[in-house]
Amino acid sequence: MELVPQLTALLDEAYARDWIAAAGLVAAAAAAFAATRRFLLRPLHAAVRRTRTTWDDALAARRVFEPLAWIAPALVLHLGRHRFPAVQEPADRVLGAYAFLVLLVLLERLLSAADDIYRTYPVSQRRPVKGYIQVLKIFLWVVGGVCTVSLLLGRSPWVFLSGVGALTAVLLFVFRDTILSLVASLEIASNDMVRVGDWIEMPKYHADGDVVEMALHTVKVQNWDKTITTIPTYKLIEESFRNWRGMQEAGGRRIARALYLDQTSVRFCDPDLLERLRRIQILADYIARKEAELATYNAARGVDASVPVNGRRMTNLGTFRAYVEAYLRHHPRIRQDMTLLVRQLAPTPEGLPLQVYAFTDTTAWAAYEAIQSDIFDHLLAALPEFGLRVFQKPSGHDLAAWPVVAGGGAPRP
């Protein structure tokens, strides 16, 4: 009868020793983690900050070195597992899976740091690789997840991978957007359709601004009002959009704006008007040349000059059109090596459009708008010199200034 209490005491003492050993092992693992962070990571980060290179700063910013501290407690537990033979095998599986997960985290952060380093080079604007890196991360975590589960269960990873074939349809459905975006990223990169920094317009998604990021699934556009529009990457292949990069590379931005003229103000030029217009320096040669040309033409055909519509005559609109073209030819901020037109468009109920089609010597938005505004300020002010009026719908002020005949008769101008 005395043997039973003795055995019980021995067992209790053994359990106590095991618990003390387990607690000591856990404490040693925690101490290894703290020591690694204090005596390895901190000096390593300090050394990185002192170097002149930038690639190691990207590694530190992405915390690539931190998994080194996570490995330390696993090593301590692995070395002390022999003290517990009953749980040694499952402990090996758990520690192996833990070490594999730490390796996955390290590789993912290393890929992110590689993308940050790549972005420091100019080629990254033309060939962004963030989408491809995201695909690598997805592949890494899918394969890593299968390997981790196989390590925990003590089974070969091929057992789990062999069942993937039966789930192909499900995987295609789950990763549909990823597959479409990957194909779209390859198409965009191979055809150089969009780069980071390009100004694009996609009205369907209310996108009008600069591309600030190109990832696997999305393209981020910062609009001119500083809002961010996110567009699925594959939509850039499925639907149309406008890329203004060609304009920026050409170095000239198009002006395509029209003055709407009152058609009732168009008339033939009389001698008084021609004499006044002849004093405009950039028009003097044109008027002299045109008068000689028309005089020769009319004389050769015996035109009766007493009737204005006989033969060919100069008009105030045609002379104004020649003036606008000459003005643009002499303008220092208009590209003379690009298309320059001053043309009439089809008449509309709002007047006769006289369009200026030219290119400025800058693509900067503010400078472009200033040049365009200065040109049309001048042209609007010059119109009365040619006897022309700009068309403008009547406003309340116009109607109030139009007196009515007493007694309710028709209004008179």
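Just above, that's the structure.
Residues numbered from 1 in each chain as written. Predicted model: local features only at pLDDT ≥ 70, side-chain atom pairs only at ≥ 80, totals over all residues. Heavy atoms only, no water.

Brief notes about the overall build of the protein chain
For step 1, the next point in the chain: Looking only at helices and strands, the protein chain features 16 helices and eight strands.
For step 2, the next point in the chain: Counting every position in the protein chain, which comprises 413 residues, the buried fraction comes to 31%.
For step 3, the next point in the chain: Taking the contacts inside the protein chain whose residues are at least 6 apart along the sequence as the reference set, 65% of them involve residues at least 24 apart.
For step 4, the next point in the chain: In the form shown here, the protein chain has an accessible surface area of approximately 25200 Å², with 62% of it arising from carbon and sulfur atoms. (Helix = DSSP H or I, 4+ residues; strand = E, 2+ residues; numbered from the N terminus. Buried < 20%, exposed > 50% of the residue type's maximum accessible area, 1.4 Å probe, protein only. Contact = heavy atoms within 4.5 Å. Areas by Shrake-Rupley, 256 points an atom, 1.4 Å probe, with all protein chains shown as cover.)

Things to note about the sheet that holds strand β2 (residues 207-214)
For step 1, the next point in the chain: The strand order across the open sheet formed by five strands is β4-β3-β2-β1-β5, and the pairing between neighbours is antiparallel. Because the sheet does not close on itself, it has two edges, and the strands there are β4 (228-232) and β5 (242-243).
For step 2, the next point in the chain: Examined bridge by bridge, strand β1 (residues 199-202) and β2 share four bridges and lie antiparallel to one another. Within β2, the residue paired with Trp199 across the bridge is Asp210. (Pairing = 2+ DSSP bridges.)

A closer look at the pairing of strand β3 (residues 218-223)
For step 1, the next point in the chain: Only one face of β3 is buried, namely the one carrying Val219, Val221 and Asn223, since none of Thr218, Lys220 and Gln222 on the opposite face is buried.
For step 2, the next point in the chain: With antiparallel pairing between neighbouring strands as the criterion, β2 and β3 make up a hairpin whose turn holds three residues.
For step 3, the next point in the chain: Note: β3 against β4, five bridges, orientation antiparallel. Bridge pairing in β4 links Gln222 to Ile228.
For step 4, the next point in the chain: Hairpin connection of β3 to β4: four residues between the antiparallel strands, including Lys226 at a positive phi of 75°.

Here we look at the packing of helix α14 (residues 316-329) against helix α15 (residues 365-382)
For step 1, the next point in the chain: Contact pair α14 / α15: the axes reach a minimum separation of 12 Å and the direction vectors enclose 150°. When the interaxial angle is binned, α14 and α15 end up roughly antiparallel. Every pair of crossing elements has a handedness; the one defined by α14 and α15 is right-handed. Of α15, the residues touching α14 (which contributes Phe320, Tyr323, Val324, Tyr327 and Leu328) are Ile375, His378, Leu379 and Ala382.
For step 2, the next point in the chain: When its residues are assigned to classes, the contact of α14 with α15 shows eight nonpolar, one polar and no charged. (Axes fitted to C-alpha atoms, helices over the stretch in contact; angles between N-to-C directions. Parallel < 35°, antiparallel > 145°, perpendicular 65-115°, else oblique. Left-handed = near helix turned anticlockwise from the far one by under 90°. Nonpolar A, V, L, I, M, F, W, Y, C, P; charged D, E, K, R; others polar.)

As for helix α13 (residues 281-300)
For step 1, the next point in the chain: Its 20 residues place the ends of α13 30 Å apart at the C-alpha level, agreeing with the 28 Å of an ideal helix rising 1.5 Å per residue.
For step 2, the next point in the chain: What α13 keeps buried is the set Leu283, Tyr286, Ile287, Leu294 and Asn298. Projection of α13 onto a plane perpendicular to its axis shows the buried side chains occupying an angular sector of 100°, all on one side. In this structure, α13 carries Asp285, Arg289, Thr296, Ala299 and Ala300 as exposed residues pointing more than 90 degrees from its buried face.
For step 3, the next point in the chain: The elements touched by buried residues of α13 are α12 (271-277) and α14.
For step 4, the next point in the chain: At the exit of α13 stands Gly302, carrying a positive phi of roughly 60°. (Expected span 1.5 Å × (residues − 1). Arc of directions from axis to C-beta.)

With respect to the side chain of His331
For step 1, the next point in the chain: Within the fold, His331 resides in the loop between α14 and β7 (341-344).
For step 2, the next point in the chain: With relative accessibility at 15%, the residue His331 sits in the buried group.
For step 3, the next point in the chain: Among the polar contacts listed, one links the side chain of His331 to the backbone nitrogen of Arg333, at a separation of 3.1 Å.
For step 4, the next point in the chain: Residues in contact with His331, not counting those within four places in the same chain, are Gln336, Ile371 and Ile375. (Polar contact = N/O pair within 3.5 Å; in protein donor to acceptor, adjacent residues only side chain to side chain.)

As for the packing of α13 against α14
Each pair of packed helices can be summarised by the angle the axes make with each other and by the distance between the axes.
For step 1, the next point in the chain: Contact geometry of α13 with α14 gives a least axis separation of 9 Å together with a crossing angle of 130°. Accordingly, the angle class assigned to the pair α13 and α14 is oblique. The hand of the α13/α14 crossing is right-handed. In this structure, α13 uses Ile282, Leu283 and Tyr286 to contact α14, whose residues at the interface are Gly318, Thr319, Ala322, Tyr323, Ala326 and Tyr327.

Side note on the pattern of salt bridges
For step 1, the next point in the chain: The full count for this structure, using the stated rule, is 21 salt bridges.
For step 2, the next point in the chain: Taking the shortest distance from any N to any O, the salt bridge between Asp192 and Arg195 comes out at 2.6 Å.
For step 3, the next point in the chain: Residue Asp361 is joined to Arg333 by a salt bridge in which the shortest nitrogen-to-oxygen separation is 2.9 Å. One end of the pair, Asp361, is in the loop between β8 (352-359) and α15; the other, Arg333, is in the loop between α14 and β7, with 28 residues separating them in the sequence.
For step 4, the next point in the chain: What you see here is one network of salt bridges that share partners, running through Asp192, Arg195, Asp198, Arg245 and Glu249. (Salt bridge = Lys/Arg side-chain N within 4 Å of Asp/Glu carboxyl O.)

Considerations on a nonpolar patch on the surface
For step 1, the next point in the chain: A cluster of nonpolar side chains, Val94, Val149, Leu152 and Leu153, forms an exposed patch at the surface whose accessible area comes to about 330 Å².
For step 2, the next point in the chain: Sorting elements by how many residues they give to the nonpolar patch places helix α6 (residues 130-153) first, with three residues.
For step 3, the next point in the chain: By secondary structure assignment, the location of Leu152 is in helix α6. (Patch = residues over 30% accessible without salt bridge, like charges linked within 9 Å, V, L, I, M, F, W, Y side chains within 5 Å.)

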